Amino acid sequence: MLGGCFSGSDTGKPTLPPPVVICVNAISQEVTDFDEFVGRTEPSATVEVQSRVSGFLETVDFQDGQLVAEGELLATIESDEYEAIHEQSLANIQLWKSKLKLAETSFGRFKDLLAKNSVSQAEYDESEAAVSEARSQIIAAEAAAARTDLDVKYTKILAPIAGRTDRAFVTPGNVVSGGVGAGTLLTRIVKDSPMFAYVDVDEQSVLSYKRRAREKGTGDAPGGALKSLQIPCMLRLQDEAEFTHSGYLDFAENRVDGATGTIRIRAVFENEDRFLTGGLFVRVRIPKGEPYTGVLIPEQCIATDQADKTAYVVNAKGQAELRVLELGARFGELRSVTSGITAGERVVFQGIQKVRPGLDVQAEMAPTETTSPIQDETATKTDVEAGEEKEPQS
């Protein structure tokens, strides 16, 4: 009864304060879009050093993994037998030169005697033939001496190219076999400066590179050689966050692979510090076009609503607006927006789950480093834009 004497206290729900959200400003910056492909490095030259003569390996004159100059001594094979054979070949030349001298003297006498009818024509012809035989034998002996001289030279194995050696596959004291294609493999030399990178590029990208180069006036070489287009590129290793190695496109195969619709191209990197080695799995960036001014927001601001990409913007009235975005390329932690947001607008960075369209919010700005200008003004295709990246073929 006492309770019934009191009337009318406020029974409505208490009003909640606007939710607090963290915002960032969309920034404008000049950037460049890039395509990104995967591939593998390959030395610009590789030579397998083999023995060209047989014998006992006497010395190995390089260290494993050593940088060698062209013509530098790598190993020696015992040369005593080959030197003796060469000396015999030289002696054979002198022998036939002596026989030639005797044959010419005899031929001179037979010539005088034939004029006096003191010898027969047959004897004269035999004398003349002896001179021709001696001359031919000298030529044959000189050729044999040249071959044996080569054998002596081949006992000293020299570096055919400048580059880095592999380990020594044979140690001194072992017998090595010689011959073309069958010689004992002693080591391997690779030329790693410059270094090549081979990647498989879709034909649409290659055509766009060529058309852009033609518009710039750099694609006038005969046949449209890729090297003449002067297309730059950059490379990143597996453990690197940035594309720090600069190079250029050098070569493209002369046909499209009908099974994959790709063209294998080659990029060249000077590799003066020789940090790159052959067989590395790498990513290569190639510019898609000229630099442009783009609007960038953090990737964290972007949400997915079925097929649409969306983000919330806080307007001048302090209300949240849902924007449907058209996205461009990715720049590290930032993403280019081609439609839906303009530079300078406040985009919700944290607290998106608290927001709905038209809701009043209390916006606080995130630290400036959240959207600091990117240092590497490059972008790559997203997984959806680029399609499935091709693994390098073995």
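Located above this text is the structure these notes cover.
Quick caveat, the model's predicted, so the values are computed rather than measured.

A look at the environment of Cys23
With respect to the helices, strands and loops of the structure, Cys23 is situated in strand 1 (residues 20-25). Taking C-alpha positions, Cys23 is 6.9 Å from Gln350, a pair spaced 327 residues apart along the chain. The residues contacting Cys23, other than those within four sequence positions of it, are Val314, Arg346, Val347, Val348, Phe349, Ala363, Glu364, Met365 and Ala366.

Focus on the packing of aromatic side chains
Scanning the entire structure with this criterion turns up 1 aromatic pair. Aromatic side chains Phe196 and Tyr198 sit 6.3 Å apart centroid to centroid with 90 degrees between the ring planes, which places their arrangement in the edge-to-face category. Across the pair, Tyr198 and Phe196 agree in class, each one buried. Its end group placed over the ring of Trp96, Lys99 keeps NZ or CZ at 4.3 Å from the ring centre.

Examining the side chain of Thr165
Inspection of the secondary structure puts Thr165 in strand 7 (residues 163-165). The class of Thr165 is buried, set by a relative accessible area of 5%. Side-chain polar atoms of Thr165 contact the backbone nitrogen of Gly65, separated by 3.3 Å. Setting aside residues no more than four positions away along its own chain, Thr165 makes contact with Phe62, Gln63, Asp64, Gly65, Gln66, Val68, Thr187, Arg188 and Ile189.

Let's talk about the sheet that holds strand 3 (residues 55-60)
Read from one edge of the open sheet, 4 strands run 6-5-3-8, paired in antiparallel fashion. This sheet does not close on itself; its edge strands, each paired only once, are strand 6 (156-158) and strand 8 (175-176). The pairing of strand 3 with strand 8 spans 2 bridges and is classified as antiparallel. Within strand 8, the position partnered with Phe56 by the bridge is Val175.

Considerations on the pairing of strand 16 (residues 308-314)
Burial analysis of strand 16 places 5 of its 7 residues in the buried class, the great majority of the element. Summarising the sheet, strand 15 (residues 303-305) and strand 16 pair through 3 bridges and their orientation is antiparallel. The partner of Ala303 across the bridge, within strand 16, is Thr310. The loop that links strand 15 with its antiparallel partner strand 16 comprises 2 residues; one of these, Gln306, has a positive phi angle of about 55 degrees. Where strand 16 folds back onto strand 17 (residues 320-331) in an antiparallel hairpin, the turn is made up of 5 residues, including Gly318, whose phi is positive at roughly 80 degrees. Two elements, strand 16 and strand 19 (residues 346-350), share 2 bridges in a ladder whose sense is antiparallel. Considered in strand 19, the bridge of Val313 is made with Val347.

The rules behind each value
- Residues numbered from 1 in each chain as written.
- Predicted model: local features only at pLDDT ≥ 70, side-chain atom pairs only at ≥ 80, totals over all residues.
- Heavy atoms only, no water.
- Helix = DSSP H or I, 4+ residues; strand = E, 2+ residues; numbered from the N terminus.
- Contact = heavy atoms within 4.5 Å.
- Phe/Tyr/Trp six-rings, centres within 6.5 Å; stacked < 30°, edge-to-face > 60°.
- Buried < 20%, exposed > 50% of the residue type's maximum accessible area, 1.4 Å probe, protein only.
- Lys NZ or Arg CZ within 6 Å of the ring centre and 35° of its normal.
- Polar contact = N/O pair within 3.5 Å; in protein donor to acceptor, adjacent residues only side chain to side chain.
- Pairing = 2+ DSSP bridges.

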